[in-house]
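Structural overview for review
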Amino acid sequence: AAGSIADGAIPPSKIKGLGTMASQDTSSYMTTTQLASAYLSTSELDQLPLNAKQFGAVGDGMVDDTSALQALFDAAVASRRAAYIPQGRYKITASLSIALGDATQWVGGVKVYGDGMGHAKDGSYSSSIIEPTNSVVSAAIVVSGTSNSDNSNKRQVNGFVIEDIGIRGVEDGSNGDGICLSYFTNLTIRRVMVSFCSTGLRVKRQANGTTYGYANNTIIEQFFAVANRGWGLDAADAGAICGMVVTASNFCTNALGGIKIAPSPAMFTGNILTGNGGPAVLVVKPAGNSNATGPTFVGEHFETNGLAAVSPYSAGTAQVVLEYAQSPRFFGCNWLGST
């Protein structure tokens, strides 16, 4: 059926090379899907990104888009196609799940992306913003593979990407985390902003027990965790993250602190951690055995973070608290406001 300009339809008179179709009256329109079908093979069409609008998402900040976005993610997982969320404000009233898993092998991930992460404190935006209400008690987006017991990385998500998305919870509200990740490897988060959530990004990697999920090769860059009620990044459950790199990111004004992490060979480079209510960084003692070295901090900017008490330490300890760490390293870091 013909669409409207708002739906991305294109008047045939504006398209060259369509023969007699281009001579139709300009009141008739082709949708972008119809246009693509005229030029692409079935196999090529099957590789195109899926659009949230195809599934009924509105993105006006008022209509509940939970079902539409979940349908988008389900279809992306089933077809292994990218999921595109156009510019808009997408209200959700329940967690969005991206569940990937296979009993015998790594599972190829999918890509979720939008038109930008930016949103201001007053709610203005010019990008793709997911807005969880207080009824979202878990994370706004939950990405998970499934557990395995032989340390083979079977059943884990391999290669998930999320970029150019914003998540804005309820200011002074009680909604859950922004993003929660578990049972994955080779994951990338790029140009994502989370604010007014419980914890901005929660990375769970179950290890040292009967299930495994080491979160190998995790890349987080240009990630903004701002004004969350918990931590900006919480990666403190049992076990080690292997090869996590966090770079060019901002962890600012989060109530409990900037980064909470278990001992691991993680690398933090060129990040800004300022104005957090608790420590800029807390390295916790792992729940299970761990001989991981690190983490390493290069060119970090630590400024006026809170010196709240962190058990078993008293208030006024430091911007960085190392409860447990083997060979932590700091190179070229800036320490301003408090030490």
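Right above here is the structure, for reference.
Report follows, based on the coordinates. Values in this document were obtained by computation on a predicted structure and should not be read as measured data.

**Details of the overall build of the chain**
- Summing up its helical and strand segments, the chain has 3 helices and 28 strands in all.
- A buried classification covers 50% of the 339 residues belonging to the chain.
- Taking the contacts inside the chain whose residues are at least 6 apart along the sequence as the reference set, 71% of them involve residues at least 24 apart.
- Within the structure as shown, the chain displays about 14,100 Å² of accessible surface, and the carbon and sulfur contribution to it stands at 53%.

**Considerations on the nonpolar core**
- L69 and I98 are the most contacted members of the largest nonpolar core, which has 59 residues in total.
- Per-element accounting of this core gives the leading share, 6 residues, to helix α3 (residues 66-79).
- Ranked by size, the runner-up nonpolar core spans 6 residues in total, among them A236, A262, L282 and V321.

**A few points about the side chain of T274**
- Mapped onto the secondary structure, T274 falls in strand β22 (residues 272-274).
- With residues up to four places along the chain from it excluded, the contact list for T274 reads F251, C252, T253, E303, T304 and N305.

**Some remarks on the pattern of salt bridges**
- The tally for this structure, following the rule as stated, stands at 8 salt bridges.
- Between R191 and D164 there is a salt bridge, and its shortest N-O distance comes to 2.7 Å. Of this pair, R191 sits in strand β14 (residues 188-195) while D164 is found in strand β11 (residues 161-168), placing the two residues 27 residues apart along the sequence.
- In this structure R191 comes out as partly exposed when scored by relative accessible area, which is 28%.
- Of the residues examined, D164 reaches a relative accessible area of 15% and is grouped as buried.
- In this structure, R202 engages D234 in a salt bridge whose closest nitrogen and oxygen atoms are separated by 3.2 Å. Placement of R202 in strand β15 (residues 201-204) and of D234 in strand β17 (residues 231-235) is noted, with a sequence separation of 32 residues between them.
- Judged by relative accessible area, R202 falls into the partly exposed class, the value being 24%.
- On the basis of relative accessibility, which here comes to 10%, the residue D234 falls in the buried class.
- Sharing partners across several salt bridges, the network here consists of K111, E163, D164, R190, R191 and E221.

**Let's talk about the side chain of N250**
- Examined against the element boundaries, N250 turns out to sit in strand β19 (residues 250-252).
- Excluding residues within four positions of it along the chain, N250 makes contact with F223, F224, A225 and I272.

**Digging into the packing of aromatic side chains**
- Using the criterion set out here, one finds 7 aromatic pairs in the structure.
- For the pair F297 and F302, a centre-to-centre distance of 6.4 Å together with 65° between the ring planes defines the contact as edge-to-face.
- Looking at F297, the relative accessible area reads 0%, which means it is buried.
- Clustering of aromatic rings is evident, with ring pairs tying together F268, F297, F302, F330 and W335.
- Its end group placed over the ring of Y113, K111 keeps NZ or CZ at 5.1 Å from the ring centre.

Conventions we followed
- Residues numbered from 1 in each chain as written.
- Predicted model: local features only at pLDDT ≥ 70, side-chain atom pairs only at ≥ 80, totals over all residues.
- Heavy atoms only, no water.
- Helix = DSSP H or I, 4+ residues; strand = E, 2+ residues; numbered from the N terminus.
- Buried < 20%, exposed > 50% of the residue type's maximum accessible area, 1.4 Å probe, protein only.
- Contact = heavy atoms within 4.5 Å.
- Areas by Shrake-Rupley, 256 points an atom, 1.4 Å probe, with all protein chains shown as cover.
- Core = buried A, V, L, I, M, F, W, Y, C linked by side-chain atoms within 4.5 Å.
- Salt bridge = Lys/Arg side-chain N within 4 Å of Asp/Glu carboxyl O.
- Phe/Tyr/Trp six-rings, centres within 6.5 Å; stacked < 30°, edge-to-face > 60°.
- Lys NZ or Arg CZ within 6 Å of the ring centre and 35° of its normal.

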